[in-house]
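An overview of the molecular structure
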Amino acid sequence: MTGFDIILVRLLLAAAGSLAAGGAVWGVALLCRRYLPALAQQRSLWLLGQIAVAVVFAAMLLPTTQRLRVVPVIEMNEEAPSPMPAASASPQANTTVTPAADLTPAAPAFSWHTWLRDAARAWLLLYLLGLGHAVWRWRRAQRWLEALAASGSPLDAAAHVPLPDVIEVAAPISPMLQGLRKPRLLLPRHLRTFDPLQQQLIVEHELTHWRRHDLCWSVAAFALQSLFWFNPFMRLLRARLGWAQEFGCDRDVLRGRPPAERKAYAAALVAQFKLQLRPADMALAFGASDAGAHAPTLAARISLIRTPTTERRRWPRWLALASLTAVAVISVALQPALGWRSAEVQDASAGAALALDCTVMVDAANGASLVREGTCGERVTPASTFKIAISLMGFDSGVLRDEHAPYLPYQESYASSNPSWRHGTDPAGWLRESIVWYSQQVTSQLGAGSVRNYVQSFEYGNRDIASVAGVDDAVAFSELSPTLRISALEQAAFLRKVVNRSLPLSAHAYEMTARLLKLDQPVNGWEVYGKTGTAAVRLPDGSEDQAQDIGWFVGWAVKDGRTVVFARLLQHPVEADLYAGRQTRDAFLRELAQRVL
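Remember, predicted model here, so these are calculated numbers, not experimental data. (Residues numbered from 1 in each chain as written. Predicted model: local features only at pLDDT ≥ 70, side-chain atom pairs only at ≥ 80, totals over all residues. Heavy atoms only, no water.)

**Regarding the overall build of the protein**
The number of helices and strands found in the protein is 18 helices and 12 strands. Classification of the 597 residues of the protein by burial places 50% in the buried group. When contacts within the protein are restricted to residue pairs at least 6 apart in sequence, those whose partners lie at least 24 apart make up 71%. A total of about 28300 Å² of accessible surface is found on the protein, and carbon and sulfur atoms cover 58% of it. (Helix = DSSP H or I, 4+ residues; strand = E, 2+ residues; numbered from the N terminus. Buried < 20%, exposed > 50% of the residue type's maximum accessible area, 1.4 Å probe, protein only. Contact = heavy atoms within 4.5 Å. Areas by Shrake-Rupley, 256 points an atom, 1.4 Å probe, with all protein chains shown as cover.)

Rendered as structure tokens:
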């Protein structure tokens, strides 16, 4: 799947999210109509509803909002092509190889990413067709209005009307205000048969639209409906906006008028409704609204006309803004993020099991591979090297503040397996001593959803960090995660993003993490920043090899303005009081002292 296809899939997911958001917004609006009629009569509720749906759509396309998602990521895995079927290894196995039993080509398996790619391409075609149809309808309506205006004649007697163009037409239309840049008032000839008071009130209604800038609101709502033509809730919200605009003009025109004039106004509305044609898009008509020129709508409007006008208050608008903002935020949080992982490496071997031994070094500036030796594509646990990611999360979110804050005292409930870790510590001591219980307190404060979204936005390894049955979340979302796996190549790719500050993080997060990772002494002129990690080797059955550990040392080195990221993975026999991570670090530093890069 190409990068363009991935963008299309994200657009498809965002479109589905906007449908869900539209349903939520419409549900809130219906509750307002039922329990807060004063709020439902405000045009701002309906336009803000459309904007909320559009914001959810746009937010789902932004990588930074993935941190807000609290549902599992939809992971898309692109499998590397293989000349023959190969057995799949356990996700926790470090090195397993199963000989192919049958070389007969198998029937093509169903591929989710192929299906999504085709669906996304079809959706793009359908969307463009729908958008083209919406534009065509708008152009047709504009041509009809232009022809209608051209067929009429200017009214010289309308000097009291503060508009440059007032045109009388023979067609049985509703009096309407049309034109955003150059508004003009179109009046039907049959309006002369109305009572002078009714004529005055009808013209005042259209002029009120002009004073309230209702045309601008209508254009914005029409544009949003056209862009989101596939979302029926956008059409419903725009229709209710039209109704609120008409009611708002009715209210303003009739404010303070006696019952006789209100009755004449209602009679004019009924008479006009019987004579008119349906108005075109983007025109504000006295006799109808975008809610539909039908009897129930007309009856509701007349009922409101007869009701004495109440004074408008500000609190309904603020309530509308607050409720729709909450709906938009919740909608984004409940939408899944799309994760994509392409096949970057081949199988490490095709015969016997190999011990893990890999060195990767990459130029941070241009991504050029400087060293790639050994089995660098094998995914294993990141062990304590995941503390680099936790540090970035903690300082970015504010859970961690600086080298010495927050200081956390040790509690017996942390049940640390290492006696040397059973003491209070701060961020500096946490990374220096690689204290696991402190990591778990940081991720617990971040929350499972936040950690998951950070891992997704980092594109960290297999990005599979999740709750596991029988495992406390404090463990499952730390460096002890039983599901999170990463290769040396992926470590280097992640660290290059850290060095280049291309992740969606604060500058403080980068600066503090680098400060805490810096080694005390340079090596061959290189300033080294790094983190070790130690873990047991996992056997094919998922059990731990009591005789072998894996050791990580990952980070970056700076010399003469040049930065190189590195990942060293090495398998060691288990030795008392000598961690594999430290052995790997010492081995790499010796190599670095001898390498000419």
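**Structural notes on the pattern of salt bridges**
This structure, assessed with the given rule, holds 21 salt bridges. Among the ionic pairs, Glu168 bridges to Arg189, the shortest N-O distance being 3.9 Å. One end of the pair, Glu168, is in strand β3 (residues 165-169); the other, Arg189, is in the loop between β5 (184-188) and α5 (196-211), and 21 residues separate them in sequence. Judged by its relative accessible area of 42%, Arg189 falls in the partly exposed class. Where Glu168 meets Arg192, a salt bridge forms, and the shortest distance between an N and an O atom there is 2.8 Å. With Glu168 in strand β3 and Arg192 in the loop between β5 and α5, this residue pair connects regions lying 24 residues apart in the sequence. Taking the relative accessible area as the measure of exposure, Arg192 reaches 57% and is therefore exposed. (Salt bridge = Lys/Arg side-chain N within 4 Å of Asp/Glu carboxyl O.)

**Here's the deal with the environment of Leu197**
With respect to the helices, strands and loops of the structure, Leu197 is situated in helix α5. Sequence-wise, Leu197 and Ala268 are 71 residues apart; in three dimensions their C-alpha atoms are separated by 9.6 Å. With sequence-adjacent residues up to four places away left out, Leu197 is seen in contact with Glu261 and Ala264.

**Focus: the sheet that holds strand β8 (residues 357-363)**
The sheet built from five strands is open, its strands ordered β9-β8-β12-β11-β10 with antiparallel pairing. For this open sheet the edge positions go to β9 (369-374) and β10 (527-538), each flanked by a neighbour on one side alone. Neighbour to neighbour, the strand axes of the sheet diverge by 10° on average, direction disregarded. In this structure, β8 lies alongside β9, joined through five bridges in antiparallel fashion. Paired with Thr359 across the bridge in β9 is Glu373. (Pairing = 2+ DSSP bridges. Axes fitted to C-alpha atoms, helices over the stretch in contact; angles between N-to-C directions.)

**Regarding the packing of helix α11 (residues 386-397) against helix α17 (residues 507-517)**
Running from N to C, α11 and α17 point in directions that differ by 135°, and their axes come no closer than 8 Å. It follows that α11 is oblique to α17 by the angle criterion. Taken as a pair, α11 and α17 cross one another with a handedness that is right-handed. Residues Ile388, Ser391, Leu392, Phe395 and Asp396 of α11 form the contact with α17, whose participating residues are His508, Ala509, Tyr510, Met512, Thr513, Leu516 and Leu517. Looking at the contact of α11 with α17 residue by residue, the class counts come to eight nonpolar, three polar and one charged. (Parallel < 35°, antiparallel > 145°, perpendicular 65-115°, else oblique. Left-handed = near helix turned anticlockwise from the far one by under 90°. Nonpolar A, V, L, I, M, F, W, Y, C, P; charged D, E, K, R; others polar.)

**Re the packing of aromatic side chains**
Under the counting rule described, the total for this entry stands at 23 aromatic pairs. Judged by centre distance (5.3 Å) and plane angle (15°), the ring pair of Tyr529 and Trp556 falls under stacked. Note that Tyr529 is positioned in strand β10 and Trp556 in strand β11 (residues 544-559), a separation of 27 residues in sequence. Here the two residues Tyr529 and Trp556 agree in accessibility, since each one is buried. Centroid distance Phe566 to Phe588: 4.3 Å. Interplanar angle 25°. Geometry classified as stacked. Remark: Phe588 occurs in helix α18 (residues 580-594) and Phe566 occurs in strand β12 (residues 562-573); sequence separation between them is 22 residues. Summarising the burial analysis for this pair, Phe566 and Phe588 share the class buried. Grouped by ring-pair contacts, the aromatic residues Phe57, Trp123, Tyr127, Phe228, Trp229 and Phe230 constitute a single cluster. Arg43 extends its terminal NZ or CZ atom over the ring of Trp217, reaching a point 4.1 Å from the ring centre. The ring of Trp46 has Arg240 sitting right over it, with the charged end atom 5.7 Å from the ring centre. (Phe/Tyr/Trp six-rings, centres within 6.5 Å; stacked < 30°, edge-to-face > 60°. Lys NZ or Arg CZ within 6 Å of the ring centre and 35° of its normal.)

**Comments concerning the pairing of β8**
Counting buried residues in β8 gives six out of seven residues, a clear majority hidden from the surface. Looking at chain direction, β8 and β12 are connected through seven bridges and run antiparallel. Counterpart to Asp363 in the pairing with β12 is Val564.

**Digging into the state of the cysteines**
Overall, the coordinates contain one disulfide when judged by the stated rule. Paired through a disulfide, Cys358 and Cys376 show a sulfur-sulfur distance of 2.1 Å. Judged by the sign of its S-S torsion, about 105°, the bond between Cys358 and Cys376 is right-handed. A residue pair is termed long-range when its members are at least 10 positions apart, and Cys358 in strand β8 and Cys376 in the loop between β9 and α11 qualify at 18 residues. Judged by its relative accessible area of 0%, Cys358 is buried. Overall, Cys376 belongs to the buried group, its relative accessible area being 3%. (Disulfide = S-S within 2.5 Å.)

**Side note on unusual backbone geometry**
A cis geometry characterises the amide bond from Ala405 onward to Pro406, with omega recorded as 5°. One can find Pro406 in the loop between α11 and α12 (427-433). Positioned with a positive phi, Glu459 is a non-glycine residue whose angle comes to about 55°. In this fold, Glu459 is placed in the loop between α14 (448-458) and α15 (473-476). Exposure remark for Glu459: the relative accessible area of 41% places this residue in the partly exposed category. Residue Asn524 is not a glycine yet carries a positive backbone phi of 55°.

**Section: the packing of helix α3 (residues 43-60) against helix α6 (residues 214-227)**
In a pair of packed helices, the angle between the axes and the distance between the axes together describe the arrangement. Axis separation between α3 and α6 bottoms out at 10 Å; the angle between their running directions is 30°. By the angle between their directions, the pair α3 and α6 is classed as roughly parallel. For α3 against α6, the interelement crossing comes out left-handed. Across the interface between the two elements, Arg43, Ser44, Leu47, Gln50, Ile51 and Ala54 from α3 touch Asp214, Trp217, Ala220, Ala221, Leu224 and Gln225 from α6. Taken together, the residues of the contact of α3 with α6 break down into seven nonpolar, three polar and two charged.

**Re the nonpolar core**
Among the nonpolar cores identified, the biggest contains 64 residues, and Phe386, Met393, Phe458, Tyr460, Phe494 and Trp552 are the most heavily contacted of them. Take this core: its biggest share by element is seven residues, from α11. Apart from the residues lying within four places of it in its own chain, the contact partners of Met393 are Phe386, Leu446, Val451, Tyr454, Val455 and Phe458. Of all hydrophobic cores here, the second largest spans 37 residues; its members include Ala14, Phe57, Met234 and Ala244. (Core = buried A, V, L, I, M, F, W, Y, C linked by side-chain atoms within 4.5 Å.)

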